[in-house]
Amino acid sequence: MTQSQPIALVSGATRGIGRAIAQGLAHQGVKVLLGARNLQIGQEVATEISAPDAQAESVELDTTNQATIDSLAALIREKYGRLDILANNAGISLDFYPDLSVREKLSRTFETNVVGTAALTDAMIPLLEKSAHGRVVNVSSVLASFSSRGEADWVYKDVAMPTYQASKAALNSLTLSYAKLLADRNIKVNAICPGLTATDATNHYGDRKPDQAAKIAIQYALLGDDGPTGTFINEDGALGW
């Protein structure tokens, strides 16, 4: 790895959109730390997406386990001394699990989608401050858009996923807060919507592939210094909060 090679950490990177983000960044010349709850599975994925011009390394990361976050921050600090890109992709959706109570759904979803994201981001801020071009990309959803939900002809007007939508709305709020707090540290923070994608999380519904969904995340991970911060966007343009 060269001193100028960007270093990225992608959470939830062993499958679906997270894997596609990791692979896409690696093929853009970024050294990718592939966050995995199961290190062995992460190592298998890292081997699969690595190539002579694409470097991926599996690292243990469970955003609901603070010990793994702290250990990973220490590893990155000791081995690389900085982090250039943090892609907060890890997330779950439990609305369609009828055996879970509302309390269980909310607690588990917010622990991963909101608390875990905030804890990981906070732990990585000192490393992002060491970068000349720090970038944080939060994988959100248009389903969290309050303005869109108020439109009578919105394409998703009939969708009701209370827990998931609430968690992504909270993630959007975190995005705005961190963008403001980190603006003077040369760290840009943005939320992206990858779109409804056929993955394990959606029971492979639809014909949109992870590679296509990952493009907007990769674009904002590699955002130039003249790019925005504190935005919510998909491949078609800005989204309303």
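Quick caveat, the model's predicted, so the values are computed rather than measured.

Visitor: For this particular structure, what's the right way to read the overall build of the chain?
Guide: A count of helices and strands for the chain gives seven helices and eight strands. Overall size of the chain, expressed as C-alpha extent along the three principal axes, is 50 × 40 × 35 Å. Across the 241 residues that make up the chain, the buried fraction comes to 51%. For the chain, the accessible surface area stands at approximately 11,700 Å², while carbon and sulfur atoms represent 50% of it. The chain carries 21 positive and 26 negative side-chain charges, and their two centres are separated by 2 Å.

Visitor: I tried to follow the packing of aromatic side chains on my own but got confused; where do I start?
Guide: For any pair of aromatic rings, geometry is given as the distance between the ring centres together with the angle between the planes. In the structure shown here, the tally under the stated rule is two aromatic pairs. Ring centres 5.7 Å apart and planes at 80° place the aromatic pair W154 and Y156 in the edge-to-face group. Relative to W241, the ring of F232 has its centre 5.3 Å away and its plane inclined at 25°; by these criteria the two rings are stacked.

Visitor: Whenever I open this one, the pairing of strand β1 (residues 7-10) confuses me. Can you help?
Guide: Alternating positions in β1 separate into two faces, I7 and L9 on one and A8 and V10 on the other, with burial throughout. Bridge count for β1 against strand β2 (residues 31-36) is four bridges, and the pairing is parallel. Bridged to I7 within β2 is K31. The parallel pair β1 and β2 is bridged by helix α1 (residues 16-26), and the resulting crossover is right-handed. Across three bridges, the pairing between β1 and strand β4 (residues 85-88) is parallel. Along β4, the bridge assignment pairs V10 with A87.

Visitor: Sorry if this is basic, but what is going on with the nonpolar core here?
Guide: Generally speaking, soluble globular proteins have nonpolar side chains that are buried together. If you look at the biggest cluster of nonpolar residues, it comprises 31 residues, and the most contacted ones within it are V10, I21, L25 and I192. For this core, the secondary structure elements donating two or more residues are β1, α1, β2, α2 (39-49), β4, β5 (134-139) and α7 (210-221). Sequence-distant contacts of I21, that is, excluding residues within four places in its chain, are made with V10, A87, N89, V139, A214, A217 and I218. Counting residues in hydrophobic clusters, the runner-up holds 26 residues, among them L61, M124, L127 and A179.

Visitor: Looking at this model, I keep getting lost on the sheet that holds β5. Mind explaining?
Guide: Sheet strands pair via backbone hydrogen bonds, and the direction of the pair is either parallel or antiparallel. Spatial ordering of the open sheet is given by β3-β2-β1-β4-β5-β6-β7-β8, a layout of eight strands whose pairing is mixed. Taken across any chain shown, the strands that pair with only one partner, and hence form the sheet edges, are β3 (56-60) and β8 (237-238). Inspection of the sheet shows β5 paired to strand β6 (residues 187-192) by six bridges, in the parallel sense. Each bridged residue has a counterpart across the sheet, and for G134 the counterpart in β6 is I187. Where α1 meets the sheet, it contacts β1, β2, β4 and β5, and its direction lies at approximately 170° from that of β1. Against the sheet, helix α4 (residues 102-128) contacts β1, β4, β5 and β6, and its axis sits at roughly 175° relative to β4.

Visitor: Honestly, the packing of α4 against helix α6 (residues 162-182) in this entry has me stumped. Any pointers?
Guide: When two helices pack together, their arrangement is captured by the angle between the axes and the distance separating the axes. Two numbers describe how α4 lies on α6: the axes approach to 9 Å, and their chain directions differ by 15°. Here α4 is positioned roughly parallel relative to α6, judged by the angle of their axes. As for how α4 packs across α6, the hand of that crossing is right-handed. Along its contact with α4, which presents K105, L106, T109, F110, N113, V114, T117, A118, T121, D122 and I125, the element α6 presents T163, Y164, A166, S167, K168, A170, L171, L174, Y178 and L182. Of the residues in the contact of α4 with α6, the class split is twelve nonpolar, six polar and three charged.

Visitor: What am I meant to see in the side chain of K105 here?
Guide: Its place among the elements puts K105 in helix α4. A distance of 3.3 Å separates a polar side-chain atom of K105 from the backbone oxygen of D95. Among all residues touching K105, those that are not within four sequence positions of it are L94, D95, Y97, L100 and T163.

Visitor: Before we go on, may I ask you to explain the pattern of salt bridges in this structure?
Guide: Side chains that carry opposite charge are capable of pairing whenever their charged atoms lie near each other. Scanning the model with the defined rule gives seven salt bridges in all. Of the charged contacts in the structure, one is a salt bridge between R185 and E129, with a shortest N-O distance of 2.7 Å. A residue pair is termed long-range when its members are at least 10 positions apart, and R185 in the loop between α6 and β6 and E129 in the loop between α4 and β5 qualify at 56 residues. Of the residues examined, R185 reaches a relative accessible area of 35% and is grouped as partly exposed. In this structure, the salt-bridge partner of D225 is R135, at a minimum N-O distance of 2.8 Å. On the criterion of sequence distance, the pair formed by D225 in the loop between α7 and β7 (232-234) and R135 in strand β5 is long-range, its members being 90 residues apart. Given the relative accessible area of 1%, R135 is considered buried. One network of salt bridges, with partners in common, ties together K31, E57 and K79.

Conventions we followed
- Going along each chain's sequence as written, the residues are numbered from 1 onward.
- Reporting in this predicted model follows two pLDDT cut-offs: at least 70 for local features of residues, and 80 or more for side-chain atom pairs to be given and counted; totals over whole chains, interfaces and linings ignore these cut-offs and use all residues.
- Water and hydrogen atoms were dropped before computing side-chain values, which therefore reflect all heavy atoms in the structure.
- Each helix corresponds to a stretch of at least 4 residues labelled H or I by DSSP, and each strand to a stretch of at least 2 residues labelled E; elements are numbered beginning at the N terminus.
- Under the scheme applied here, a residue whose accessible area is under 20% of the maximum for its type counts as buried, over 50% as exposed, and between as partly exposed, the area being computed with a 1.4 Å probe on protein chains only.
- All accessibility values rest on the Shrake-Rupley procedure with a 1.4 Å probe; residue burial counts only the protein chains present in the view.
- When charges are counted, Lys and Arg are positive and Asp and Glu negative, with His and the chain ends excluded.
- By convention, the point assigned to a charge is CZ for Arg, NZ for Lys, CD for Glu and CG for Asp.
- Stacked, tilted and edge-to-face are the three classes applied to pairs of Phe, Tyr and Trp rings, where Trp contributes its six-membered ring and a pair requires centres within 6.5 Å; stacked means planes under 30 degrees apart, edge-to-face means over 60, and tilted covers the rest.
- We treat two strands as partners when DSSP finds at least two bridges between them.
- With the strands pointing away from the viewer, any crossover whose connection runs clockwise from the first strand over the helix to the second is right-handed.
- Only buried residues count toward a nonpolar core, which is a set of Ala, Val, Leu, Ile, Met, Phe, Trp, Tyr and Cys residues joined through side-chain atoms within 4.5 Å.
- Contacts are assigned to residue pairs that have any heavy atoms within 4.5 Å of one another.
- Note on geometry: axes are C-alpha line fits, over the in-contact stretch for helices, and angles between N-to-C directions span 0 to 180 degrees.
- Here the word oblique covers every angle except those under 35 degrees (roughly parallel), over 145 (roughly antiparallel) and from 65 to 115 (roughly perpendicular).
- Each helix crossing is assigned a hand: it is left-handed if the near helix lies turned anticlockwise from the far helix by less than a right angle, otherwise right-handed if that turn is clockwise.
- Here the nonpolar group is Ala, Val, Leu, Ile, Met, Phe, Trp, Tyr, Cys and Pro; Asp, Glu, Lys and Arg are the charged ones; every other residue, Gly included, is treated as polar.
- Think of a polar contact as two N or O atoms within 3.5 Å of one another; within protein, one of them needs to be a possible hydrogen donor and the other a possible acceptor, and neighboring residues in sequence only count if both atoms come from side chains.
- In what follows, salt bridge is the name for a side-chain nitrogen of Lys or Arg lying within 4 Å of a carboxyl oxygen of Asp or Glu.

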